[in-house]
Amino acid sequence: MKIAVCVKYIPVLTQIKFDYERKTIVREGTPSEISPFDVLGLVRAVEMKDGPDDEVVVISMGPPNTREGLLECLALGADRAALLTDRALAGSDTLATARALALVLAREKPDLIICGRNSMDAETGQVGPEIAELMGIPHISNVRKLELRSDGGIWAERAVDEGHQVIESPLPALVCATEGIAPEMYAGPEELEAAQEKPFEELSCADLQADVSQLGAEGSPTWVQDIRLVEPARLGMVIEAETPAEAADKAAGMLRERLKELETAAGDGGAAAAGPRFPGQRERSIWVVAEISQGGLRRVTLEMLGKARELTAFTQSEVAAVTLGPADDGLGKKLAAWGADRVIFIDGPGVGAACSAGAANALATAIKSGRPYAVLFASSADGRDLASRAAARLGLGLTGDAIDLEVDQEGRLVQLKPALGGNVVAPILSKTLPNLVTLRSGLLTPAGPDTGAAAEIEVVKAPEFPGPDITVVEEHLQEDLGAVELTQAQVVLGVGMGIGGPENLPEIRTLAKSIGATLATSRNVVHAGWLPHHIQVGISGRTIAPRVYVAVGLRGAFNHTVGIQKAGVILAINQNKRAAIFKAADYGIVGDWRECLPPLAEALKSVLAEAGL
């Protein structure tokens, strides 16, 4: 068996510096590393080797210094490496990158391709599914367990927003690795020295007989207009007091005043204005791909419908909600109430699971026929997969993980995407129509429901999909873990490794309940098995926007704080006065959470009640 692992050599995000005065990124002296999810995929690939005929080849696209990262991969057990490096590839977006890597992979003809879930610098999660679509093979994203089957296929456990799925796929196939798929490993000096002797190949576009018009900046359907540095906006005040009780009282008083300031600045802060409707106006229509869970419409769908209604003030067009599955009158009425002028049900045996190639093919066919101005997806496991494969199939630009949308003076959709740990916001434009974008949940405001609204119902027959595809064997959805509640919570208590151990969680839960707070956590806590992945916040978890976030025992690593940037006020408790969380918070208390959290919870009760939280 041959396994190809695609990796990306990126700057170490925690060491990047920003010149806020000049609005530039200071790149000099910043070390680089292979993106951590890619390393996990590589380790699993090496683990899966079962004999001398099995081979792991690691592949990357980048500048010549990427060789350093590939040598580390060889030291971790890869048998050989291939680096695609060419000036013609500069400025590649995800689709242009996928096209280039697909050419290298076609040359290799691997049985299995492994990519990381996403690269830490861009956080899109698009390249893997786009490669799979271009190569006409199945893919499975968010894979936390991966095994070979006796019949020559693969078995995978795929993490989704409310649990996990068990999926089987024939080979060749592509999987995107996430936490849990393999242990974290690091190469030692002896392994690095031995790696120097392993086969290493450099390739150019000419070696691949590539059409350079489809690669690099020229072949990229999206482009970055400029970058906006996100200047630190937190107050960063560490409270000095004689006792924990005194610190708690001070923190509560400061929170009360800060909430009033934010409320005044935000104005109404209620539901977004619904705006006029334009039923029947299909030119420049905005489509929203609806997401449905066991509890009905997911809130992110309502958020996207609210944003779509806002955008129609510029497009003067309808909003259409799109669902994969049979027509449902009740669902149609709910979508109409929340902003849809038309509801499109795409149904047929060719659809399959929402994360399948068949579903992406059905949606892409509908998009090609309907020719909307924009299609909005959720930045969920299914939303990213659908959007990525549809974009690759249609050759369209796709912006992943956007936090907001604007329309500029030229009528172009500006898609605002965070990058580099959230320190940069990149306004992205597309050269192609329709605009495709995935949107983070919890950051936009739904319009208020109009129960008297009606929508046109349209049923579209999905085309048959003859190609190889995945099979969802089992689904384990556990909404009782607090995942849905977390995205809507106004008060959240986040816990880190600093709480000491899982034996302290009952007390933490009791204190959180006393102030009406929903529990959240960090990547390290999830890795330790203390709490489930569904309530993880950060780059590899959820993005949330509560009015109040209480950080307990969290050190403040960027991969967590990027998920709470939209929080109203952040309070932190940590024993280490130098912990990064104090710079990422508005108010901080230095001390043992066992001594500081109980009086703080008591002091916050009246403040939160006054604020209606």
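Anything mentioned here points back to the structure above.
Residues numbered from 1 in each chain as written. Predicted model: local features only at pLDDT ≥ 70, side-chain atom pairs only at ≥ 80, totals over all residues. Heavy atoms only, no water.

(A) Main features of the overall build of the protein. Helix and strand counts for the protein stand at 17 helices and 34 strands. Here the protein has a C-alpha radius of gyration of 24 Å; the compact-globule value for 613 residues is 25 Å, and the two agree. Its C-alpha atoms put the protein at 70 × 65 × 50 Å along the principal axes. Expressed as a percentage of its 613 residues, the buried residues of the protein come to 57%. Carbon and sulfur atoms make up 49% of the accessible area of the protein, which totals about 25300 Å². Positive and negative charge centroids in the protein, built from 58 and 81 side chains respectively, lie 3 Å apart. (Helix = DSSP H or I, 4+ residues; strand = E, 2+ residues; numbered from the N terminus. Rg over C-alpha atoms; globule rule 2.2 N^0.38 Å. Buried < 20%, exposed > 50% of the residue type's maximum accessible area, 1.4 Å probe, protein only. Areas by Shrake-Rupley, 256 points an atom, 1.4 Å probe, with all protein chains shown as cover. Lys, Arg positive; Asp, Glu negative; His and termini not counted. Charge placed at Lys NZ, Arg CZ, Asp CG, Glu CD.)

(B) Structural context of the packing of helix 4 (residues 127-135) against helix 11 (residues 381-394). It is the contact of helix 4 with helix 11, at a shortest axis distance of 8 Å, that shows an interaxial angle of 45°. As far as their axial angle goes, helix 11 and helix 4 are oblique. For the crossing formed where helix 4 meets helix 11, the hand is right-handed. Contacts between helix 4 and helix 11 involve Pro129, Glu130, Ala132, Glu133 and Leu134 from the former and Asp385, Ser388, Arg389, Ala391, Ala392 and Arg393 from the latter. For the contact of helix 4 with helix 11, the residue count by class is five nonpolar, one polar and five charged. (Axes fitted to C-alpha atoms, helices over the stretch in contact; angles between N-to-C directions. Parallel < 35°, antiparallel > 145°, perpendicular 65-115°, else oblique. Left-handed = near helix turned anticlockwise from the far one by under 90°. Contact = heavy atoms within 4.5 Å. Nonpolar A, V, L, I, M, F, W, Y, C, P; charged D, E, K, R; others polar.)

(C) Structural view of unusual backbone geometry. In this structure, the amide linkage connecting Leu171 to the following residue, Pro172, adopts the cis form with an omega of 0°. Along the chain, the position of Pro172 falls in the loop between strand 11 (163-169) and strand 12 (173-177). Residue Pro434 is bonded to the preceding Leu433 through a cis peptide linkage, with omega at 0°. Inspection of the secondary structure assignment puts Pro434 in the loop between strand 26 (424-430) and strand 27 (435-439). A positive phi angle, close to 55°, is found at Lys109, a residue other than glycine. Locating Lys109 in the fold gives a position in the loop between helix 3 (94-108) and strand 8 (112-116). Accessibility expressed as a relative area gives 66% for Lys109, which makes it exposed. The backbone of Gln316 shows a phi angle near 55°, a positive value even though the residue is not glycine. Within the secondary structure, Gln316 is located in the loop between helix 8 (299-315) and strand 20 (319-324). Exposure remark for Gln316: the relative accessible area of 43% places this residue in the partly exposed category.

(D) Up close: the nonpolar core. If you look at the biggest cluster of nonpolar residues, it comprises 57 residues, and the most contacted ones within it are Leu255, Leu493, Ile508, Tyr549, Leu597, Leu600 and Leu604. A per-element tally of this core places helix 17 (residues 593-610) first, with nine residues. When residues no more than four places from it in sequence are discounted, the contact partners of Leu600 are Ala248, Ala251, Val550, Ile573 and Ile589. Core analysis: the next-biggest nonpolar cluster, separate from the first, contains 40 residues, Val39, Ala75, Ile114 and Val175 among them. (Core = buried A, V, L, I, M, F, W, Y, C linked by side-chain atoms within 4.5 Å.)

(E) Highlighting the sheet that holds strand 11. Ordered in space as 13-7-6-1-8-12-9-10-11-29, the ten strands form an open sheet in which the pairing is mixed. Edge positions in the sheet fall to strand 13 (200-203) and strand 29 (471-477), since each has one partner strand and no second. Strand-to-strand, the axes of this sheet are offset by a mean angle of 30°, without reference to chain direction. In this fold helix 3 packs onto strand 1 (2-7), strand 6 (55-61), strand 7 (80-84), strand 8 and strand 13, with an angle of close to 150° to the strand it touches most, strand 6. (Pairing = 2+ DSSP bridges.)

(F) Just the packing of aromatic side chains, in detail. The full count for this structure, using the stated rule, is zero aromatic pairs. When the ring centre of Phe200 is taken as reference, the NZ or CZ atom of Arg67 above it lies at 4.2 Å. Its end group placed over the ring of Tyr373, Arg284 keeps NZ or CZ at 4.6 Å from the ring centre. (Phe/Tyr/Trp six-rings, centres within 6.5 Å; stacked < 30°, edge-to-face > 60°. Lys NZ or Arg CZ within 6 Å of the ring centre and 35° of its normal.)

(G) Up close: the environment of Val562. Position of Val562 among the secondary structure elements: in the loop between helix 15 (558-561) and strand 33 (569-574). Here Val562 falls in the buried class, since its relative accessible area comes to 2%. C-alpha separation for the pair Val562 and Leu477, spaced 85 residues apart in sequence, amounts to 26 Å.

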